Amino acid sequence: MTYYLVKIAVTTLLIVAISEVAKWSSLVGAILASIPLVSVLGMIWLYIDTRDVAKVGELASSVFWLVLPSLALFVTLPLLLKHGVNFYLSMGISIVITVGCYFLMVSLLNYCGVKL
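Each chain carries its own residue numbering, running from 1 in the written order of its sequence. Reporting in this predicted model follows two pLDDT cut-offs: at least 70 for local features of residues, and 80 or more for side-chain atom pairs to be given and counted; totals over whole chains, interfaces and linings ignore these cut-offs and use all residues. The side-chain figures draw on all heavy atoms in the structure; neither hydrogens nor water molecules are used.

### Description of the overall build of the chain
Part 1 of the reasoning: Scanning the chain from terminus to terminus reveals five helices and zero strands.
Part 2 of the reasoning: Relative to the 2.2 N^0.38 estimate, which gives 13 Å for 116 residues, the radius of gyration of the chain is 17 Å and therefore markedly larger than a compact globule would have.
Part 3 of the reasoning: Here the C-alpha coordinates of the chain stretch approximately 50 × 40 × 25 Å along the principal axes.
Part 4 of the reasoning: A burial count over the chain gives 17% of its 116 residues as buried.
Part 5 of the reasoning: Put simply, 48% of the contacts in the chain that link residues at least 6 apart link residues at least 24 apart.
Part 6 of the reasoning: Per-residue and other accessible areas follow the Shrake-Rupley method at a 1.4 Å probe size, with only the shown protein chains counted as cover for residues. Surface accessibility of the chain: about 8300 Å² in total, with carbon and sulfur atoms responsible for 77%.
Part 7 of the reasoning: Only four residue types enter the charge count, namely Lys and Arg as positive and Asp and Glu as negative; His and the chain termini do not. A charge is said to be at NZ when it belongs to Lys, at CZ for Arg, at CG for Asp and at CD for Glu. Averaging the coordinates of the 6 positive side-chain charges in the chain and doing the same for the 4 negative ones gives two points 7 Å apart. For the purposes of this entry, the term helix denotes a DSSP run of H or I that reaches at least four residues, the term strand denotes a run of E that reaches at least two, and both are numbered from the N terminus. Here the globule rule is a power law, 2.2 Å times the number of residues to the power 0.38, and the radius of gyration is based on C-alpha atoms. Think of it in three bands: with a 1.4 Å probe and only protein chains considered, a residue is buried below 20% of the maximum accessible area for its type, exposed above 50%, and partly exposed in between. The contact definition used throughout considers only heavy atoms, calling two residues in contact when any of these lie within 4.5 Å.

This is the structure in structure tokens:
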């Protein structure tokens, strides 16, 4: 149980730190947020939990393919906000579009024989 609390605390602290740094500097916050900290932490936790490098490799490969559709959020959100759409509505629309892009990417990869 302590191990899970440590995982939660470390992961949570990183996310809070990024949001706090972004208040001071959006550039530094963006640099920290763009580093795949969540992916790296996920791979570290997975390796510690399983000691299975094949699973870590599969996770890294899946993350690679799914980074592309995740970029849709970072295109649509600023465009909607720039056009005066309410923040929460912009975020919701951007998430829906991103989920659609994930679905399309997974479908395309399956069609091409790439299994995630």
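### A short note on the layout of surface pockets
Part 1 of the reasoning: Buried and open spaces are told apart on a 1 Å grid over the protein atoms alone, a cavity being a set of points where a 1.4 Å probe fits but cannot get out and a pocket being an open set with protein on both sides within 12 Å along at least five of seven lines. Residues with an atom within 4 Å of a point are the lining residues. Grid points are joined across faces, edges and corners, and a volume is the space filled by probe spheres set on the points. In this structure, the largest pocket encloses a volume near 790 Å³.
Part 2 of the reasoning: Lining the largest pocket are 27 residues, and of these Ala33, Ile35, Pro36, Val38 and Phe74 lie nearest its centre.
Part 3 of the reasoning: Among the secondary structure elements, those contributing two or more residues to the lining of the largest pocket are helix 1 (2-24), helix 2 (26-34), helix 3 (37-50), helix 4 (53-82) and helix 5 (87-111).
Part 4 of the reasoning: By residue number, the principal contributor to the lining of the largest pocket is helix 4, which donates seven residues.
Part 5 of the reasoning: The residue inventory of the lining of the largest pocket, partitioned by class, reads 20 nonpolar, seven polar and no charged. Each residue gets one of three labels, nonpolar for Ala, Val, Leu, Ile, Met, Phe, Trp, Tyr, Cys and Pro, charged for Asp, Glu, Lys and Arg, and polar for the others, Gly among them.

### Side note on the pattern of salt bridges
Part 1 of the reasoning: Each reported salt bridge corresponds to a side-chain nitrogen of Lys or Arg within 4 Å of a carboxyl oxygen of Asp or Glu. The full count for this structure, using the stated rule, is two salt bridges.
Part 2 of the reasoning: Note that aspartate 49 and lysine 7 form a salt bridge whose closest N and O atoms lie 3.0 Å from each other. On the criterion of sequence distance, the pair formed by aspartate 49 in helix 3 and lysine 7 in helix 1 is long-range, its members being 42 residues apart.
Part 3 of the reasoning: Look at lysine 7 and you get buried, because its relative accessible area is 14%.
Part 4 of the reasoning: Its salt-bridge partner being lysine 23, residue glutamate 20 comes within 2.9 Å of it at the nearest N-O pair. Taken as a pair, glutamate 20 and lysine 23 lie in helix 1 at a separation of three residues, close to a single helical turn.

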